[in-house]
Amino acid sequence: QTISEYSDIDERILEEFLTDDNWFIRASIIRNPKVSPELFEKLSKDPDYDVLATLALSRYTPVYILEKLRNHPNIKIQKNIAQNRNTPLEIIKNYSKIPQFHFDVSVNPSTPAEILKKISTDTDNVGILSIIAKNQIIDLETLTNLSNSKEIWIILSVLKNPKITK
């Protein structure tokens, strides 16, 4: 079992793990639902990028920490923030304007349909377009446009969309 699986663990024990030399141990704390905002604040100052990247992706990370880390120089941390369902819409909008974040914004289940539609017109990346085509919130106009693709993976993804299979 990992630290994250002990939901009844005392927070003082979690705090002791903050100083562990192994980044994976420190990152495991992040996945525990019992972590307090104070511990998240301490974790947000961790010098290891892998700990911060885990923090950026965690569903338990408070929004203010995501906002604080959104301009971190490490691209992996920024990409994980773009994928986090709790990331504020304004940050998602900003990331969606940058092509290297299109995949990350597209896999975020909280990304609104209008952003996915815009990305679908701005990219020719088959993987990204396939993700968008499967998303049940995408509008029929966008699905129709994607169904006209010459790429079989995009067409198959359109066919898997719940709006089409109903």
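The rules behind each value
- Residues numbered from 1 in each chain as written.
- Predicted model: local features only at pLDDT ≥ 70, side-chain atom pairs only at ≥ 80, totals over all residues.
- Heavy atoms only, no water.
- Helix = DSSP H or I, 4+ residues; strand = E, 2+ residues; numbered from the N terminus.
- Contact = heavy atoms within 4.5 Å.
- Areas by Shrake-Rupley, 256 points an atom, 1.4 Å probe, with all protein chains shown as cover.
- Lys, Arg positive; Asp, Glu negative; His and termini not counted.
- Charge placed at Lys NZ, Arg CZ, Asp CG, Glu CD.
- Buried < 20%, exposed > 50% of the residue type's maximum accessible area, 1.4 Å probe, protein only.
- Polar contact = N/O pair within 3.5 Å; in protein donor to acceptor, adjacent residues only side chain to side chain.
- Salt bridge = Lys/Arg side-chain N within 4 Å of Asp/Glu carboxyl O.
- Axes fitted to C-alpha atoms, helices over the stretch in contact; angles between N-to-C directions.
- Parallel < 35°, antiparallel > 145°, perpendicular 65-115°, else oblique.
- Left-handed = near helix turned anticlockwise from the far one by under 90°.
- Patch = residues over 30% accessible without salt bridge, like charges linked within 9 Å, V, L, I, M, F, W, Y side chains within 5 Å.
- Core = buried A, V, L, I, M, F, W, Y, C linked by side-chain atoms within 4.5 Å.
- Phe/Tyr/Trp six-rings, centres within 6.5 Å; stacked < 30°, edge-to-face > 60°.
- Lys NZ or Arg CZ within 6 Å of the ring centre and 35° of its normal.

Caption draft 1: Just the overall build of the protein chain, in detail. Counting its secondary structure elements, the protein chain contains 13 helices and zero strands. Mapped in sequence order, the helices and strands of the protein chain form the string α-α-α-α-α-α-α-α-α-α-α-α-α. Across the protein chain, the fraction of contacts at a sequence separation of at least 24, relative to all contacts at a separation of at least 6, is 44%. Carbon together with sulfur atoms contributes 53% to the accessible area of the protein chain, which is approximately 9300 Å² in total. Computed over 21 positive and 22 negative side-chain charges, the inter-centroid distance for the protein chain is 7 Å.

Caption draft 2: Layout of helix α4 (residues 49-57). Looking only at α4, the buried set comprises Val51, Leu52, Ala53, Thr54, Leu55 and Ala56. The backbone nitrogen of Asp50 has a side-chain oxygen 2.7 Å away, supplied by the residue at the start of α4, namely Asp48.

Caption draft 3: Layout of helix α6 (residues 75-83). For α6, the set of buried residues is Ile77, Gln78, Asn80, Ile81 and Ala82. Looking at the packing, one finds that the buried side of α6 touches α4, α5 (63-69), α7 (89-96) and α8 (102-107). N-capping of α6 is provided by Asn74, with a side-chain oxygen placed 2.9 Å from the backbone N of Lys76.

Caption draft 4: Main features of the pattern of salt bridges. With the rule as written, the count across this model stands at nine salt bridges. The partner of Lys118 in a salt bridge is Asp122, with the nearest N and O atoms 3.0 Å apart. With a gap of four residues between them, Lys118 and Asp122 both fall in helix α9 (residues 113-122), about one helical turn apart. Lys118 sits in the partly exposed class, given a relative accessible area of 49%. Several salt bridges share partner residues, and in doing so they unite Glu41, Lys45 and Lys68 into one network.

Caption draft 5: Highlighting the environment of Asn74. For Asn74, the position within the fold is in the loop between α5 and α6. Residues Asn74 and Leu52, spaced 22 residues apart in sequence, show a C-alpha to C-alpha distance of 9.3 Å.

Caption draft 6: Spatial organisation of the packing of α6 against α7. Look at α6 against α7: their axes get within 9 Å of each other, and the N-to-C directions meet at 120°. By the angle between their directions, the pair α6 and α7 is classed as oblique. In this structure, α6 meets α7 at a crossing whose hand is left-handed. On α7, the residues touching Gln78, Ile81 and Ala82 of α6 are Ile91, Ile92 and Tyr95.

Caption draft 7: Representation of a nonpolar patch on the surface. A cluster of nonpolar residues, Leu140, Ile152, Trp153, Leu156, Leu159 and Ile164, forms a patch on the protein surface that exposes about 600 Å² of accessible area. Here the nonpolar patch takes four residues from helix α12 (residues 152-160), the largest share from any one element. Within the element layout of this structure, Ile164 appears in helix α13 (residues 162-165). Its relative accessible area of 36% is what places Ile164 among the partly exposed residues.

Caption draft 8: Fine view of the nonpolar core. Among the nonpolar cores identified, the biggest contains 38 residues, and Leu55, Ile81 and Val105 are the most heavily contacted of them. It is α4 that contributes the most residues to this core, five residues altogether.

Caption draft 9: View of the packing of aromatic side chains. In the structure shown here, the tally under the stated rule is two aromatic pairs. Measuring from centroid to centroid gives 5.8 Å for Trp23 and Phe24, while their planes differ by 85°, and the two rings are edge-to-face. Taking NZ or CZ as reference, Lys79 lies 5.4 Å from the ring centre of Phe101, over its face.

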